[in-house]
Amino acid sequence: VKEPIYISYIGNNYSPGVPRSDKYFKYRANISSGYRPPHLSELLSNGVHHGNLRYEVGMKNLKSEIATQADVGVEFVSEHLSIIVNPFYNQIKNYIYVTPQDSLVEGLPLFNYTQANNAWLYGGDIGFHYHPHIALRFHLESSYSYVRAEDQSGFSLPLIPQARVNS
């Protein structure tokens, strides 16, 4: 009988931030860390993932992700209008992701879990809300979100959401 292998994952996180505000503006700046050990499915998958309609293969030697993010926010607020701008920059060591392969297994596309030594995710959100009080039920809200993700070689990482506009 083989002895079971026990793996221990330990991580600490921090998240200090500074808010400021005046009559029309709210400002904030944050820096934070993140820690995420690999999930069992990322380590041990070898079969059909019915929810995604793909065949996934895990990677047994994945390391824990360690992230650092910096973001700022500026919000203008008046009686009828608010505008917010929120850029961010995130660096992740040992970034875990699933990547498509150029083959089929059991009629489904093959995806392998893998890891980038370093990944950078950056982008931001911009939005506004217009609500003139003379038109009680009239609200105009719109936002734009963008995320860019690259590995240490400058290549785009797969399966990152496209830019999004909501109105």
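The structure under discussion appears in the preceding block.
Throughout what follows, the structure given in this document is the object of discussion. Since the structure is predicted, the reported quantities are computational estimates derived from the model, not experimental observations.

What about the packing of aromatic side chains?
Enumeration according to the criterion identifies six aromatic pairs in this entry. Relative to Phe76, the ring of Tyr24 lies with its centre 5.9 Å away and its plane at 20°, an arrangement referred to as stacked. Taken together, the residues Tyr24 in the loop between β1 (17-21) and β2 (25-36) and Phe76 in strand β5 (residues 65-77) connect sequence positions 52 residues apart. Note on Tyr24: relative accessible area 38%, which makes it partly exposed.

Details of the environment of Ser33
Mapped onto the fold, Ser33 is located in strand β2. Here the alpha-carbon distance between Ser33 and Ala163, two residues 130 residues apart in the chain, equals 25 Å. Ignoring sequence-local partners within four residues, the contact set of Ser33 consists of Asn12, Asn13, Tyr14, Ala67 and Thr68. Of note is the side chain of Ser33, whose polar atom sits 2.9 Å from the backbone nitrogen of Tyr14.

Description of the nonpolar core
Ala67, Ile92, Tyr95, Tyr97, Ala116, Ala119, Leu121, Ala149 and Leu157 form the largest nonpolar core, which has nine residues in total. Where this core is concerned, the elements lending two or more residues are β6 (81-105) and β7 (108-130). The contact partners of Ala67, leaving out residues within four places of it in the chain, are Ser32, Ser33, Gly34, Asn90, Gln91 and Ile92.

With respect to the pairing of β2
The pairing of β1 with β2 spans five bridges and is classified as antiparallel. Of the residues in β2, the one forming a bridge with Gly17 is Asn30. Linking two consecutive strands that pair antiparallel, namely β1 and β2, is a turn of three residues. Sheet analysis places β2 next to β5, joined by 12 bridges and oriented antiparallel. Bridging from a neighbouring strand, Ser33 pairs with Thr68 of β5.

About the criteria used
- Residues numbered from 1 in each chain as written.
- Predicted model: local features only at pLDDT ≥ 70, side-chain atom pairs only at ≥ 80, totals over all residues.
- Heavy atoms only, no water.
- Phe/Tyr/Trp six-rings, centres within 6.5 Å; stacked < 30°, edge-to-face > 60°.
- Helix = DSSP H or I, 4+ residues; strand = E, 2+ residues; numbered from the N terminus.
- Buried < 20%, exposed > 50% of the residue type's maximum accessible area, 1.4 Å probe, protein only.
- Contact = heavy atoms within 4.5 Å.
- Polar contact = N/O pair within 3.5 Å; in protein donor to acceptor, adjacent residues only side chain to side chain.
- Core = buried A, V, L, I, M, F, W, Y, C linked by side-chain atoms within 4.5 Å.
- Pairing = 2+ DSSP bridges.

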